[in-house]
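# Coordinate inspection notes
What follows is each chain in one-letter form.
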There are 2 protein chains.
Amino acid sequence: MQFRDIYCGEVKKEMVGQTVTLNGWVQRRRDHGKLIFLDLRDRSGLVQVVFNFEQNEEMFARAEEIRSEFVLTVRGQVVNRSEETINPKLPTGEIEVQAESLEILNKAKTPPFYIEDGVDVDENVRLKYRYLDLRRPEMQQSMIMRHKVSKLTRDFLDGEGFLEVETPMLTRSTPEGARDYLVPSRVNPGSFYALPQSPQLFKQLMMVSGAERYFQIARCFRDEDLRADRQPEFTQIDIELSFCDQEMILGMMEGLMAHLFEGVLDEQIPTPFPRLSYREAMERYGSDKPDTRFGMELKDVSGLVSDVDFKVFKQVLSSGGVVKGINATGCGGFSRRELDELTAFVAQYGAKGLAYMFVEEGGVRSPIAKFFSEDVLSEIVSAMDGKPGDLLLFVADKLDVAYHALGALRLHLGERLGLIDKSKRNFLWVVDFPLLFWDEDEKRYVANHHPFTAPRDEDLDKLETEAQNVLAKAYDLVLDGVEIGGGSLRIYRREIQEQMFKLLGFTPESAREQFGFLMDAFEYGTPPHGGIAFGLDRLVMLMAGKDSIRDVIAFPKTASASCLMTQAPSEVDARQLKELHIALDVPPKA
Amino acid sequence: MQFRDIYCGEVKKEMVGQTVTLNGWVQRRRDHGKLIFLDLRDRSGLVQVVFNFEQNEEMFARAEEIRSEFVLTVRGQVVNRSEETINPKLPTGEIEVQAESLEILNKAKTPPFYIEDGVDVDENVRLKYRYLDLRRPEMQQSMIMRHKVSKLTRDFLDGEGFLEVETPMLTRSTPEGARDYLVPSRVNPGSFYALPQSPQLFKQLMMVSGAERYFQIARCFRDEDLRADRQPEFTQIDIELSFCDQEMILGMMEGLMAHLFEGVLDEQIPTPFPRLSYREAMERYGSDKPDTRFGMELKDVSGLVSDVDFKVFKQVLSSGGVVKGINATGCGGFSRRELDELTAFVAQYGAKGLAYMFVEEGGVRSPIAKFFSEDVLSEIVSAMDGKPGDLLLFVADKLDVAYHALGALRLHLGERLGLIDKSKRNFLWVVDFPLLFWDEDEKRYVANHHPFTAPRDEDLDKLETEAQNVLAKAYDLVLDGVEIGGGSLRIYRREIQEQMFKLLGFTPESAREQFGFLMDAFEYGTPPHGGIAFGLDRLVMLMAGKDSIRDVIAFPKTASASCLMTQAPSEVDARQLKELHIALDVPPKA
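Residues numbered from 1 in each chain as written. Chains lettered and ligands numbered in written order. Predicted model: local features only at pLDDT ≥ 70, side-chain atom pairs only at ≥ 80, totals over all residues. Heavy atoms only, no water.

## Structural notes on the overall build of chain A
Rules: We count a stretch as a helix when DSSP gives it H or I for four or more residues in a row; a strand needs E for two or more, and each element gets its number in order from the N terminus. Only protein chains enter the accessibility calculation, which uses a 1.4 Å probe; a residue whose area is less than 20% of its type maximum is buried, one above 50% is exposed, and one in between is partly exposed. Throughout, a contact is declared for two residues whenever any of their heavy atoms are within 4.5 Å. Charge assignment in this entry is limited to Lys and Arg as positive and Asp and Glu as negative, and neither His nor the chain termini are counted. For the purpose of locating charges, the reference atoms are NZ of Lys, CZ of Arg, CG of Asp and CD of Glu.
The helix and strand inventory of chain A stands at 16 helices and 23 strands. The principal-axis extent of the C-alpha atoms belonging to chain A is close to 95 × 75 × 60 Å. Looking at the 590 residues of chain A, the share that counts as buried comes to 58%. Considering only contacts within chain A whose residues lie at least 6 apart along the sequence, 67% involve residues at least 24 apart. Where the 72 positive side-chain charges of chain A centre and where its 95 negative ones centre are 4 Å apart.

The following block contains the structure:
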């Protein structure tokens, strides 16, 4: 076998006259009488190869057998294309290679879909034949980009003195958090490992160990019901450092992002990134991961309508709810049907209705206008920044319903009205998250991030008395409305960690049972520390301009957590189960 | 909290007069009347800090409370030590820091062992308090070295055009190979994922996908009974490339090793590495991973003793066995007891006995000398390169027993006699492995490496007729008698892969059931490809001069596959098992 001396996509006009050896796959064959044209493809791109009957009949005959996706070695001279066959769309479009020798390394059946970008083929077929799907240039570019993001992340963090440390995959199950994937132990009958949901405990223990700066590009696992952008296993850029505060971490991570976007996409990202408190993000955008590439901010008109004799608003306000709205700028022409659609849309988020007002010259047109005085209407229009031709939309509901419904409606309208400048990259830190939220079902506090997040120093004395008002030293990084990372300063003193476990409903015994080793560790000189984790899949997806993380994962699983290529998961031998001390407990099918 | 502006170990004589801020742990406190000396430690090393009662009584009083492993911020001026207190053993031994401010960031209980190198403490205690064990400088250096090896591996492979691609951890169980760790699927009742024993199939599929050059530093899992140098999860530098031959791979990997040893240890490694065929390695060293840092090679004397009337040798030779020996140079003074010990040693490897001859001036002293003529004895001594004062040791047995017993005996004596030059690094390729071996228990051929290894082209026609003589395009990299990597060219044509599965006892149906997707993939234009995988744990262990891979793994497991720190594996809730459609099937304790 002869090996390439150059990649297909790198053959250049300057090489005319030189002889090159190429390895690659046949993109297509075209026959023109006594000439055969092949496009030969490798990871770098395409080049055209010509076989000439007049020059070598035997080789020409072999070339006639070649079909798409055959694997070849071709050796030949680089020549200029004739004027009329120059292809300006192709980097190698000015030249071609005049074949002098040909070796067919392997044959190929006709693939189930054509190997090119933008193929219209069912995703299940793409996943079944993933090895062919990954041959498509756009998928190869995704894999290359993912490699680059990982490489540049490591370069940056190595430069900042971070050590990559591999933490265990066979860990201990902890009930707090999402559902674990379990692994039965053969050696310890009746016991199970859990695959890590994140290396959280281990990275904190690395801080206790004095590693000072840790990172890991780590596989994590969550056995959740899968949504479009979730996978049972996903990859996290996991970072932790000691002797730091929030400013230090945020600044360093801005440096990482700037490094990645410059190195991978040649984009200059301005730093520092803007910051919003969680509270402000919710009030202005109805979301803790707002897309700030467009306006249409939420306004609160509760104060303006508190005296109005409109039953719906009155009831909501009297039971502690709010009336909030957004200005659908320029949507004054929306039809009844369109309004119904918007009402149905917000209903998905629990909103019981959607009130609307069309702003017109000199007034407001609305079925509920009659309940309002002219003055109040005019104050509302002014508060909503309404101009003639605008449509004002209101949700009167419990605060969180109003946030979520209007936050979603804002995104929906932003997309629909083309308000989002997709050429922008808006990075945003959301900070000052509440430490806890009250779980009405379980009648207890639940950690907003996780049980190791530190409360703000100034809120420490509220922990006993008004825990719901305690803010955390926690931060999320949002890019264009997608949360790409989150982290916090951690609790590093045992007494505060114990107080936290208590708030979360642990007894001293259950806390000890679950996290005893961590609480022990905290007694031996734990440095102040904190960290962050980025979702690599989502980050690469955004950088590659893809809509699904499946397009930046080599071998993803479906929404039912299966691999269509290997048919994993699968049944296993009874002997294997016996060795693992487990038996199937599958209910009979209905 | 104040943050360091310099690491402890980096405070230099040139900084005398400057004020520095340090963060770190207290190594020890020493009181000298109105002076308190602290050694403050961080990842970089130690520096001495002095508190002076005369200068600040309040701070001095707080310093008196400080104990080992407290976490501090100290700010102070760098000053020269007085002549008599200079410590030439410490990089910072010429200076000290005169404390001007002190903040105690965290307290510490007395650790269960002292945080310093070479502590004599039970490994189980070290593993239970791993976060303290990892604070010891030698463990920190191991973690730093591991990070560097990974980083430089990635730099090198990135430079050679390899893409790091993450392959799934939740894969499909395959019965060929070691025992799988299984993960029950909640969504697919009765089905299981397997954790990968290696990314073998996925990396080959990446080659089918045209990625051309793949690598991954990949976690792998094998549920085996653990030996001293095994872990249930381990890390592999996994590499695969297309359009290559063995020479290309071996040369590139020599480049990788040279890059690592230069970058991490500043050692120049001469390349190319020597090569031995499997057959020659076995014949000369009785091992397929020979330590070539010393001689004492095996010699075959079967031909010389074939006519001797010594029953033991005769029976062995007539039943197809061999008589092989090594020369324990200079061991002519070994006692009867020492010889008995050696006999017991080889018995562990199945040898039924150990014959010996002391070489003396003008003859041989041995209980079996009487069976041999003077001529034969002299020929044997000459063949064994025996000199007066040497001890010749012989095993007469089946070929593989003779190899293993004498190979092990050679290592044992080499170590005991101090023949191994530990300052040497002997890299060695072992090549031309047999493709298959015959499994007498299962009465079938088993792949020596794995079922995807390509036979040598010149041996293809032997596959049908004399499979046991077929050699593989396979290679192992050995460093100082430890196998650190192995790989092969792969089969890339479906018909040969099918022939291989048949030889391994698969029916067409069972091959299809297990590997159908791979065989399908091979039909769509698979390039010639091959690869290698290195054991990262072992490689780092050798580079760090450690005896156990546990010393280069942050959180290793014990021989019973447990984590003594987190108590994984553990029992889990009945609810969790129910969700996973499994039940315990643990036999009652005897």
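That was the structure; now back to the text.
## Let's talk about the UniProt feature "site: Important for tRNA non-discrimination" (unreviewed entry) in chain A
The following threshold applies: UniProt positions are given in the numbering used here, feature names are shortened, and annotations may be inferred rather than shown by experiment.
As annotated by UniProt and renumbered to match this structure, "site: Important for tRNA non-discrimination" (unreviewed entry) occupies H32 of chain A. In this fold, H32 of chain A is placed in strand β1 (residues 19-32).

## Side note on helix α11 (residues 374-383) of chain B
Residue and element names in this part refer to chain B. Put simply, the rule is: As used here, the arc belongs to the directions running from the helix axis to the C-beta atoms.
For α11, the complete set of buried residues consists of V376, L377, I380 and V381. Within α11, the buried residues cover an arc of 135° as seen down the axis, which keeps them to one side. Among the exposed residues of α11, those oriented more than 90 degrees off its buried face are E374, D375 and S382. Count one or two residues on from α11 and you reach D385, which has phi positive near 60°.

## Here we look at the sheet that holds strand β15 (residues 363-365) of chain B
Residue and element names in this part refer to chain B. Quick note on the threshold: A strand pair is defined by DSSP finding two or more bridges across the two strands.
Spatially, the 5 strands line up as an open sheet ordered β12-β13-β16-β14-β15, and their pairing is antiparallel. One side of each edge strand has no neighbouring strand; the edge strands of this open sheet are β12 (299-300) and β15. Summarising the sheet, strand β14 (residues 355-360) and strand β16 (residues 391-397) pair through 4 bridges and their orientation is antiparallel. For M357, the partnering residue across the bridge sits in β16 and is L392.

## Looking at the nonpolar core
What counts, and what does not: Only buried Ala, Val, Leu, Ile, Met, Phe, Trp, Tyr and Cys residues count toward a nonpolar core, and they belong to the same one when joined by side-chain atoms within 4.5 Å.
Grouped together as the largest cluster of nonpolar side chains are 217 residues, with contacts concentrated most on I239 and M257 of chain A together with I239 and M257 of chain B. Those residues in contact with M257 of chain A that sit more than four places away from it in its chain are F273, F427, L477, I484, F534 and L539 of chain A.

## Thoughts on the interface of chain A and chain B
This is how it is decided: The term buried area means the drop in 1.4 Å probe accessible area that two parts suffer when joined, counted for both and summed. The working definition used for a salt bridge is a side-chain nitrogen of Lys or Arg within 4 Å of a carboxyl oxygen of Asp or Glu. Any N or O atom pair separated by 3.5 Å or less is treated as a polar contact, with the protein-specific requirement of one donor-capable and one acceptor-capable atom, and with residues adjacent in sequence counted only for side-chain atom pairs. Each residue is assigned to one class: nonpolar for Ala, Val, Leu, Ile, Met, Phe, Trp, Tyr, Cys and Pro, charged for Asp, Glu, Lys and Arg, and polar for all the others, Gly among them.
Contact residues are listed per partner, giving 125 residues for chain A and 125 residues for chain B. Buried surface at the junction of chain A and chain B, summed over both partners, amounts to about 11,000 Å²; 59% is from carbon and sulfur atoms. At the junction of chain A with chain B, the criterion picks out 20 salt bridges. With a closest N to O distance of 2.7 Å, K151 of chain B and D155 of chain A form a salt bridge. For the pair chain A and chain B, the interface holds 74 residue pairs in polar contact (both at pLDDT 80 or more). The greatest single-element share of the side of chain A that touches chain B, amounting to 8 residues, is contributed by helix α4 (residues 137-159) of chain A. For the side of chain A that touches chain B, the class distribution of residues is 64 nonpolar, 27 polar and 34 charged.

## What to know about the sheet that holds strand β10 (residues 233-242) of chain B
Residue and element names in this part refer to chain B. Spelled out, the test is: Axis definition: a line fit to C-alpha positions, over the contact stretch in the case of helices; interaxial angles, taken between N-to-C directions, run 0 to 180 degrees.
Taking strand neighbours across the sheet as the criterion, the 8 strands line up as β6-β9-β10-β22-β21-β20-β17-β11 in an open arrangement whose pairing is mixed. At either end of the open sheet lies a strand with only one pairing partner, and these are β6 (163-164) and β11 (275-277). Summarising the sheet, strand β21 (residues 482-489) and strand β22 (residues 529-535) pair through 5 bridges and their orientation is antiparallel. Bridge assignment links S488 to a residue of β22, and that residue is G531. The strands touched by helix α4 (residues 137-159) within the sheet are β6, β9 (213-221) and β10, with β9 carrying the most contacts at an inclination of about 150°.

## Concerning the pairing of β1 of chain A
Here β1 of chain A runs beside strand β4 (residues 71-80) of chain A; their pairing, made up of 7 bridges, is antiparallel. Its bridge partner lying in β4 of chain A, T21 of chain A is registered against R75 of chain A.

## Here's the deal with helix α14 (residues 508-521) of chain B
Residues and elements named next belong to chain B. Inclusion rule: By definition here, a helix of n residues has an expected span of 1.5 Å times n minus one. One axis fitted to the seven residues ending at a residue, another fitted to the seven starting there: the angle between these axes is the bend at that residue.
Taking 1.5 Å of rise per residue, the 14 residues of α14 would be expected to cover 20 Å, yet its terminal C-alpha atoms sit only 16 Å apart, more than 12% below that figure. Along α14, the sharpest kink reaches roughly 90°, centred on F515. Turning to α14, its buried residues number three or more, namely A511, Q514, F515, G516, F517, L518, M519 and A521.

## Side note on the environment of G190 of chain A
Here G190 of chain A lies in the loop between β7 (182-184) and β8 (192-194). Separated by 330 residues in sequence, G190 of chain A and D520 of chain A place their C-alpha atoms 26 Å apart. With sequence-adjacent residues up to four places away left out, G190 of chain A is seen in contact with H581 of chain A together with S570, E571, L584 and V586 of chain B.

## Overview of the packing of aromatic side chains
Residues and elements named next belong to chain A. Heads up, the condition is: By convention, a stacked pair of Phe, Tyr or Trp rings (six-membered ring in the case of Trp) has centres within 6.5 Å and planes under 30 degrees apart, an edge-to-face pair has planes over 60 apart, and any other such pair is tilted.
Under the defined criterion, the tally for this structure stands at 48 aromatic pairs over all chains. Between F273 and F427, the aromatic rings sit 4.5 Å apart at their centres with planes inclined by 10°, giving stacked as the arrangement. With F273 in the loop between α6 (246-265) and β11 (275-277) and F427 in strand β17 (residues 427-431), this pair connects stretches of sequence that are 154 residues apart. Here F273 and F427 have matching classes, each one buried. With a centroid separation of 6.3 Å and 85° between ring planes, the pair formed by F452 and F501 is classed as edge-to-face. Here F452 is found in the loop between β19 (444-447) and β20 (474-479), whereas its partner F501 is found in helix α13 (residues 494-503), with 49 residues between them in sequence. Owing to a relative accessible area of 5%, F452 belongs among the buried residues under this scheme. In this structure F501 comes out as buried when scored by relative accessible area, which is 1%.

## Comments concerning the pairing of strand β5 (residues 95-106) of chain B
All names here are of chain B. Relative to β5, strand β3 (residues 45-52) runs parallel, the two sharing 2 bridges. Across the sheet, V50 pairs through a bridge with Q98, a residue of β5. Pairing geometry for strand β4 (residues 71-80) and β5, over 10 bridges, is antiparallel. Paired with V71 across the strands is N106, a residue of β5.

## Focus on the domain arrangement of chain A
Our working rule: As annotated, the domain borders come from an automatic or database domain assignment.
On domain assignment, one finds that chain A holds domain 1 (8-106), domain 2 (118-273 + 528-563) and domain 3 (294-420). Taking only C-alpha atoms into account, the centre of domain 1 of chain A sits 63 Å from that of domain 3 of chain A.

## Here's the deal with the relation of the copies chain A and chain B
Condition: The least-squares superposition of copies is restricted to C-alpha atoms, and to residues with a pLDDT of at least 70 in both copies.
For the pair chain A and chain B, the superposition axis carries a translation of 0.0 Å, the fit reaches an RMSD of 0.1 Å, and the rotation angle comes to 180°. Such a combination of rotation and displacement between the chain copies is what one expects of a two-fold axis. In this assembly the copies share their binding face: 100% of the residues contributing to the interface of chain A also contribute to that of chain B.

## Describing the side chain of Q216 of chain B
If you trace the backbone, Q216 of chain B turns up in strand β9. A residue is classified by how much of its surface remains accessible, and Q216 of chain B, at 4% relative accessible area, is buried. At 3.3 Å, the side chain of Q216 of chain B forms a polar contact with the backbone oxygen of V165 of chain B. A polar contact of 2.9 Å, which involves the side chain of Q216 of chain B, links it to the side chain of T167 of chain B. Those residues in contact with Q216 of chain B, other than ones at most four positions away along the chain, are R219 of chain A together with E164, V165, E166, T167, P199, Q236, I237 and D238 of chain B.

## Section: the pattern of salt bridges
Residue and element names in this part refer to chain B. Applying the stated criterion to the full structure yields 128 salt bridges over all chains. Of the charged contacts, one joins R154 and E164 as a salt bridge, the two residues approaching to 2.7 Å between their closest N and O atoms. Within this pair, whereas R154 is found in helix α4, its partner E164 is found in strand β6, the two being separated by 10 residues in sequence. Since its relative accessible area comes to 5%, R154 is described here as buried. Its salt-bridge partner being D459, residue R456 comes within 3.3 Å of it at the nearest N-O pair. With a relative accessible area of 2%, D459 lands in the buried category.

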